[in-house]
Amino acid sequence: MFRTKRSVLVRRLWRSRAPGGEEEEEAAALEPVAAAATEARAHVCGGGRGCCPGKAGRGGRAAAGAEAELKALTHAVLKRLKERQLEGLLHAVESRGGARTPCLLLPAKADSRLGQHWYPLPVLLCKVFRWPDLRHCSEVKRLCCCESYGKAHPELVCCNPHHLSRLCELESPPPPYSRYPMDFLKPTDCPDSVPSSTETGGTNCLAPGGLSDSQVLQEPGDRSHWCVVAYWEEKTRVGRLYSVQEPSLDIFYDLPQGNGFCLGQLNSDNKSQLVQKVRSKIGYGIQLTKEVDGVWVYNRSSYPIFIKSATLDNPDSRTLLVHKVFPGFSIKAFDYEKAYSLQRPNDHEFMQQPWTGFTVQISFVKGWGQCYTRQFISSCPCWLEVIFNNR
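Here goes a summary of the coordinates provided. As the structure is a computational prediction, the values presented were derived from the model and not from experiment.

1. Focus on the sheet that holds strand β11 (residues 236–244)
Strand pairing in a sheet relies on backbone hydrogen bonds. The paired strands run either parallel or antiparallel.
Here is step 1 of the chain: Pairing in this open sheet of six strands is antiparallel, and the strands run β11-β10-β21-β20-β16-β18 from one edge to the other. The two strands at the open ends of the sheet, each matched to only one other strand, are β11 and β18 (323–325). Going across the sheet, the axis of each strand differs from the next one's by a mean of 20°, ignoring polarity.
Here is step 2 of the chain: Alignment of strand β16 (residues 305–309) against β18, held across three bridges, turns out to be antiparallel. Across the sheet, residue Ile307 finds its bridge partner in β18, namely His323.

2. A closer look at the environment of Arg15
Here is step 1 of the chain: With respect to the helices and strands, the residue Arg15 is situated in helix α1 (residues 5–15).
Here is step 2 of the chain: A residue is classified by how much of its surface remains accessible, and Arg15, at 56% relative accessible area, is exposed.

3. Focus on the packing of aromatic side chains
Here is step 1 of the chain: Enumeration over the complete set of coordinates arrives at nine aromatic pairs.
Here is step 2 of the chain: Seen in terms of ring centroids, Phe306 and Tyr372 are 6.0 Å apart; in terms of plane orientation they differ by 85°. Their pairing is edge-to-face. In this pair, Phe306 sits in strand β16 while Tyr372 sits in the loop between β20 (359–364) and β21 (383–388), placing the two residues 66 residues apart along the sequence.
Here is step 3 of the chain: Overall, the relative accessible area of 2% leaves Phe306 in the buried class.
Here is step 4 of the chain: Seen in terms of ring centroids, Tyr340 and Phe358 are 5.3 Å apart; in terms of plane orientation they differ by 65°. Their pairing is edge-to-face. Placement of Tyr340 in helix α9 (residues 336–341) and of Phe358 in the loop between α10 (348–351) and β20 is noted, with a sequence separation of 18 residues between them.
Here is step 5 of the chain: One cation-aromatic arrangement involves Lys141 over Trp296; the distance from NZ or CZ to the ring centre is 4.7 Å.

Calculation notes
Residues numbered from 1 in each chain as written. Predicted model: local features only at pLDDT ≥ 70, side-chain atom pairs only at ≥ 80, totals over all residues. Heavy atoms only, no water. Pairing = 2+ DSSP bridges. Helix = DSSP H or I, 4+ residues; strand = E, 2+ residues; numbered from the N terminus. Axes fitted to C-alpha atoms, helices over the stretch in contact; angles between N-to-C directions. Buried < 20%, exposed > 50% of the residue type's maximum accessible area, 1.4 Å probe, protein only. Phe/Tyr/Trp six-rings, centres within 6.5 Å; stacked < 30°, edge-to-face > 60°. Lys NZ or Arg CZ within 6 Å of the ring centre and 35° of its normal.

See below:
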């Protein structure tokens, strides 16, 4: 029997679904005690609520029934798509978001019922192809590459699952990853250099790696860039500072159709096997985006990243947390309003100097802090320092 191209595309898409989808509805039916235990395990493993992928229980008749229902519903949705739309969706799914793929625009008011729940189409396709435990549209965030980005109530909404990321909620109470003294918020007195709070209780100065490095932050009133990025391997900075003018920047090691800060092209003299191993795991890396409410970081890689920022914690706290962000999740890593409130605006001398409260540190794959052998980020194999323009 001959199969049409459409049916072949639908079959390939179903085979490309996220693992664990058949267990989702069974997990929803867990008894309250078991569900609480699952949530507790998720919290202990570090992501906190909304940031740690949950694990469902294993199959039985209920799981088989949920699998069949999900398959029937998915096929019904996919068969309504045009052949060109199916090809674009398949390209996005198989490339895991690494390739630039068009929006999948479908009626915004179209919902689908799965079990006892009604899901908007974007949420349903995200459940099928990315996060089987996803339950509500409030758990996801649209990426700036999407046509529906910033639109309140469009008639058509993008359902491309790789045009959305999952929101990383801050933990309350936070897990004991790491707590840091706030001493690094003190102004540094290093002329013509960029502040780097790589050690507890002190601030190092990054020696400019050329004229462009020193100029990029030191020209008064310069608004051409909104941040610069430094890439480090342990205590050594690799390459020059990368100045960012565009609203969004991809930072990656190997990304299909990638355009941005490619770490794989930097020449590194570090011979450490751990550094080389972590470099190869950076993969699609992260996406850094300046938005109205602050700066967001989207983890596009296949491994967790770790973030420390002065604006991620309580302003009255004397310590800072290192936050773990899982693959596919986004977090608002920097808030300008909070940063300015911490900056003591009446201190004119303070305002004339670089301030490390406008710096975010991001480590790939490996974390640091009290629960790790690496106490400081300068011991991490591969990490970034993002310095924001506060003018």
